[in-house]
Amino acid sequence: MNLDHVNVYVRDLENMSQFYQDILKLTPGYRPSFSGPPGAWLYDGSGRPVLHLSTTSTGSNRMHQHLDHIAFRTNNVEEVVKQLDSKKIEYEVYEVPEVDLIQIFFRDPEGGRLEVSATKASQ
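Attention here is on the structure that accompanies the text. (Residues numbered from 1 in each chain as written. Predicted model: local features only at pLDDT ≥ 70, side-chain atom pairs only at ≥ 80, totals over all residues. Heavy atoms only, no water.)

Considering the pattern of salt bridges
One pass over the full model with this rule turns up 2 salt bridges. For Glu-110, the salt bridge goes to Arg-11, with nearest N and O atoms at 3.8 Å. You can see Glu-110 sitting in the loop between strand S7 (101–107) and strand S8 (113–119) and its partner Arg-11 sitting in the loop between strand S1 (6–9) and helix H1 (13–24), a full 99 residues away along the chain. For Lys-87, the salt bridge identified is with Asp-22, shortest N-O distance 3.5 Å. Pair noted here: Lys-87 is in the loop between helix H2 (77–86) and strand S6 (91–96) and Asp-22 is in helix H1, with a separation of 65 residues, a long-range link. Lys-87 gets classed as partly exposed once you look at its relative accessible area, which sits at 40%. (Salt bridge = Lys/Arg side-chain N within 4 Å of Asp/Glu carboxyl O. Helix = DSSP H or I, 4+ residues; strand = E, 2+ residues; numbered from the N terminus. Buried < 20%, exposed > 50% of the residue type's maximum accessible area, 1.4 Å probe, protein only.)

Here is the structure:
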């Protein structure tokens, strides 16, 4: 069993898609033509559509789901920090020495909490 993707409802599809492209280097790609409101699929470096962004025609009811955070793994935390700094996005850094991990926590433009982590050895 593996995590396939995360679907996030967003208010501003273009802004949110650009944010994830800029900060996490996800790339937009093929999305089947579903009936209903527009959305976007963003792909990771392996060619998998890991983040699905969806809009909703029903307003704010679906926008307040409980989700603590979405986590991504990288080999280049420095690049993520560079992008966050360049866009003046606040973040917190945590080190987990027990498992040789560094974590960066921040929020997307609509308030969703994100984690980007890497093993220190990959730094």
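Notes on the pairing of strand S4 (residues 49–54)
Counting buried residues along S4, 5 of its 6 residues qualify, which places the element largely inside the surrounding structure. Bridge count for S1 against S4 is 4 bridges, and the pairing is parallel. Across the sheet, the residue bridging to Val-6 is Leu-51, located in S4. The pairing of strand S3 (residues 39–43) with S4 spans 5 bridges and is antiparallel. Looking across to S4, one finds that Trp-41 is bridged to His-52. Linkage of S3 to S4, two consecutive antiparallel strands, is achieved through a turn of 5 residues, within which Gly-47 is found at a positive phi near 90°. (Pairing = 2+ DSSP bridges.)

Details of the sheet that holds S1
In spatial order, the strands read S1-S4-S3-S2; together these 4 strands make up an open sheet with mixed pairing. Each edge of the open sheet carries a strand with a single partner, namely S1 and strand S2 (27–29). Each strand axis lies, on average, 30° off the axis of its neighbour in the sheet, ignoring direction. (Axes fitted to C-alpha atoms, helices over the stretch in contact; angles between N-to-C directions.)

With respect to H1
Two residues of an α-helix separated by three or four positions point the same way, owing to the 3.6 residues in each turn. Taking 1.5 Å as the rise per residue, H1 with 12 residues should run 16 Å; its terminal C-alpha atoms sit 16 Å apart, in good agreement. Turning to H1, its buried residues are Leu-13, Met-16, Ser-17, Phe-19, Tyr-20, Ile-23 and Leu-24. When H1 is viewed along its axis, its buried side chains cluster within an angular range of 155° and face the same direction. Tucked into the core, H1 has its buried residues touching S3, S4, strand S5 (70–73), H2, S7 and S8. (Expected span 1.5 Å × (residues − 1). Arc of directions from axis to C-beta. Contact = heavy atoms within 4.5 Å.)

Concerning the sheet that holds S8
In space, the 4 strands of this open sheet follow the order S5-S8-S7-S6, with mixed pairing throughout. Looking at which strands have only one partner, the edges of the open sheet turn out to be S5 and S6. Recorded for the sheet is a direction-independent mean angle of 20° between the axes of neighbouring strands. Bridging between S7 and S8 involves 7 bridges; their strand directions are antiparallel. Bridging across to S8, Leu-101 finds its partner in Thr-119. Against the sheet, H1 contacts S5, S7 and S8, and its axis sits at roughly 155° relative to S7. In the packing of H2 onto the sheet, the strands contacted are S6, S7 and S8, and the crossing angle to S7 comes to about 25°.

Just distances and angles here, no functional claims.
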